[in-house]
Amino acid sequence: RALGLLDASLPADDPRLEQALDTVAGIALRLGHHAEAEEALGRLLTLEERRAEGLELAATLNRLAQVKRALGKNVEASDLDERVAELRERRGLR
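Residues numbered from 1 in each chain as written. Predicted model: local features only at pLDDT ≥ 70, side-chain atom pairs only at ≥ 80, totals over all residues. Heavy atoms only, no water.

Caption draft 1: Up close: the overall build of the protein. Helices and strands together make up the secondary structure of the protein, namely five helices and zero strands. Mapped from its N terminus to its C terminus, the protein presents α and β elements in the order α-α-α-α-α. Here the protein has a C-alpha radius of gyration of 13 Å; the compact-globule value for 94 residues is 12 Å, and the two agree. With the C-alpha coordinates aligned to their principal axes, the bounding extent of the protein is approximately 40 × 30 × 15 Å. Counting all 94 residues of the protein, 34% fall into the buried class. Residue pairs in contact within the protein that sit at least 24 positions apart in sequence constitute 44% of those at least 6 positions apart. Total accessible area on the protein stands at roughly 6000 Å², and carbon and sulfur atoms take up 51% of it. (Helix = DSSP H or I, 4+ residues; strand = E, 2+ residues; numbered from the N terminus. Rg over C-alpha atoms; globule rule 2.2 N^0.38 Å. Buried < 20%, exposed > 50% of the residue type's maximum accessible area, 1.4 Å probe, protein only. Contact = heavy atoms within 4.5 Å. Areas by Shrake-Rupley, 256 points an atom, 1.4 Å probe, with all protein chains shown as cover.)

Written out as structure tokens, the structure reads:
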């Protein structure tokens, strides 16, 4: 329901949308609503991928991988883990 409210109140290019999606994902995770967290993090990832390949993107990829694991989507989680490792390597982080 919160994602529907976001869609109605913030345009896709509003910078506050990323923060709102991150907040919704965090709340959903704390409540154990992994499917809702997956949706919010997936949308956040799409927005972050458009603008940069920084630590924020790596953090979102990592959180989404954790959610996918909780949902039993281990192959998808492993793919995301590989992307995190590649980003960190390109940035000189390990």
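Caption draft 2: Structural view of the side chain of E18. With respect to the element layout, E18 can be found in helix 2 (residues 16-30). If we skip the residues at most four places from it in the chain, E18 touches L44, L47, E48 and R51.

Caption draft 3: Spatial organisation of the nonpolar core. Residues L3, L6, L17, L21, A40, L41 and L61 are the most contacted members of the largest nonpolar core, which totals 25 residues. Those elements that provide at least two residues to this core are helix 1 (2-9), helix 2, helix 3 (34-51), helix 4 (55-70) and helix 5 (74-90). Filtering out sequence-adjacent residues up to four positions away, L61 remains in contact with L45, L80, R83, V84 and L87. (Core = buried A, V, L, I, M, F, W, Y, C linked by side-chain atoms within 4.5 Å.)

Caption draft 4: Structural context of the packing of helix 2 against helix 3. Relative to each other, helix 2 and helix 3 sit at 155°, their axes nearing to 8 Å. Regarding the angle of helix 2 to helix 3, the classification is roughly antiparallel. Here the hand of the crossing between helix 2 and helix 3 comes out left-handed. In contact with L17, E18, L21, D22, V24, A25, A28 and L29 of helix 2, helix 3 contributes H34, E36, A37, A40, L41, R43, L44, L47, E48 and R51. Considered class by class, the residues forming the contact of helix 2 with helix 3 number 11 nonpolar, one polar and six charged. (Axes fitted to C-alpha atoms, helices over the stretch in contact; angles between N-to-C directions. Parallel < 35°, antiparallel > 145°, perpendicular 65-115°, else oblique. Left-handed = near helix turned anticlockwise from the far one by under 90°. Nonpolar A, V, L, I, M, F, W, Y, C, P; charged D, E, K, R; others polar.)

Caption draft 5: Spatial organisation of the side chain of E38. Residue position: E38 is located in helix 3. Separated by 2.7 Å, the side chains of E38 and K68 make a polar contact. Sequence-distant contacts of E38, that is, excluding residues within four places in its chain, are made with L64, V67, K68, L71, K73 and E76. (Polar contact = N/O pair within 3.5 Å; in protein donor to acceptor, adjacent residues only side chain to side chain.)

Caption draft 6: Seen up close, the environment of E82. Relative to the elements of secondary structure, E82 occurs in helix 5. Residue E82 is classed as partly exposed on the basis of its relative accessible area, which comes to 48%. Placed 58 residues apart in sequence, E82 and V24 show a C-alpha to C-alpha distance of 25 Å.

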